[in-house]
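# Structure at a glance
Each chain, letter by letter, is given below.
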Amino acid sequence: MDEDRYLTERGRRAAREMFGDGGDGFMEGHNRGWAEHVDADWARIMNEYLMEGLYSRDILPTSTRELCAVAALTVLGRSEELEAHLRIALRTNPPEQVREVVLQMSVYGGMPVALQALRLYDRVVAAPPSSDAG
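The written sequence of each chain sets the order in which its residues are numbered from 1. Only residues with pLDDT of at least 70 get local features here, since the model is predicted, and only at 80 or more are side-chain atom pairs given and counted; chain-wide, interface and lining totals rely on the full set of residues. Each side-chain value is worked out from all heavy atoms of the structure, with water and hydrogens disregarded.

### A word on the nonpolar core
- Residues belong to a common nonpolar core when they are buried Ala, Val, Leu, Ile, Met, Phe, Trp, Tyr or Cys residues joined through side-chain atoms within 4.5 Å. When accessible area is computed with a 1.4 Å probe and restricted to protein chains, residues below 20% of their type maximum are described as buried, those above 50% as exposed, and intermediate ones as partly exposed. Counting 15 residues, the largest nonpolar core has V70, L82, L86, V98, V101, V102 and L120 as its most contacted members.
- Only helix 4 (62-76), helix 5 (79-92), helix 6 (95-109) and helix 7 (111-126) provide two or more residues apiece to this core.
- When residues no more than four places from it in sequence are discounted, the contact partners of V101 are L67, V70 and A71.
- Within the second largest apolar cluster, nine residues are counted, among which are A15, M18, Y55 and I88. Per the convention used, a helix needs a DSSP run of H or I reaching at least four residues, while a strand needs a run of E reaching at least two, with both numbered from the N terminus. Two residues qualify as a contact provided that any one of their heavy atoms is within 4.5 Å of a heavy atom in the partner residue.

Written as structure tokens, this is what we have:
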């Protein structure tokens with residue numbers, strides 16, 4: 001991999017599937033931001049694990065991975081991360097399926113986290129599409 005590039009073709013394909021056209025550029029910039037803000041080696045390790053590794057495996061489609069992410073982040077009450085994954089999940093799944101995952105999490109995480117996630121889901125659905133890839 002080029003020193004100035006984070007994504008291989010495998011990672012670029014995963015980023016475009018997750019974020020749409022321009023997703024690979026978005027993730028390159030995101031990784032450069034982590035490198036500048038935190039540490040260049042850590043940014044490469046994170047990218048290799050997530051985009052080049054886990055998210056580019058051809059075992060689960062992005063749509064399923066993102067429903068899993070929405071479920072986990074809902075139960076954990078991780079609103080900031082959940083918002084990003086709701087957007088990705090809504091790119092690859094019908095809205096009623098994404099909402100159903102949030103509702104289902106009331107069984108596993110309790111009503112407070114499910115209601116918090118449902119309010120966030122409503123805001124994400126009502127918001128105009130973001131101008132960036134994420």
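### Quick notes on the environment of G25
- When you line up the elements, G25 lands in helix 2 (residues 23-37).
- Considering only alpha carbons, one finds G25 and Q104, 79 residues apart in sequence, at a separation of 34 Å.

### Digging into the side chain of E52
- By the element assignment, E52 lies in the loop between helix 3 (40-50) and helix 4.
- Charged-residue counts in this description rest on Lys and Arg as positive and Asp and Glu as negative, His and the chain ends being excluded. Take a side-chain nitrogen of Lys or Arg and a carboxyl oxygen of Asp or Glu: if they are within 4 Å of each other, that pair is a salt bridge. Although E52 is buried, it makes no salt bridge; R10 carries the closest opposite charge, 5.3 Å away.
- Residue contacts for E52: discarding those within four places in its chain leaves Y6, L7, T8, R10, G11 and N47.

### Considering the pattern of salt bridges
- With the rule as written, the count across this model stands at seven salt bridges.
- As a salt-bridge pair, R5 and E28 come within 3.6 Å of each other at their nearest N and O atoms. Taken as a pair, R5 in the segment before helix 1 (9-19) and E28 in helix 2 lie far apart in primary sequence, 23 residues in all.
- Overall, the relative accessible area of 34% leaves R5 in the partly exposed class.
- Judged by its relative accessible area of 4%, E28 is buried.
- For the salt bridge of E9 with R16, the shortest nitrogen-to-oxygen distance reads 2.9 Å.
- Here the salt bridges share partners, and the residues they tie into one network are E9, R12, R16 and D24.

### Quick notes on the environment of R16
- Among the secondary structure elements, R16 is positioned in helix 1.
- A C-alpha to C-alpha distance of 27 Å links R16 and L118, two positions 102 residues apart in sequence.
- When neighbours within four sequence positions are excluded, R16 is seen to be in contact with E9, G23, D24 and R91.
- Think of a polar contact as two N or O atoms within 3.5 Å of one another; within protein, one of them needs to be a possible hydrogen donor and the other a possible acceptor, and neighboring residues in sequence only count if both atoms come from side chains. One polar contact links R16 to D24, side chain to side chain, over a distance of 3.2 Å.

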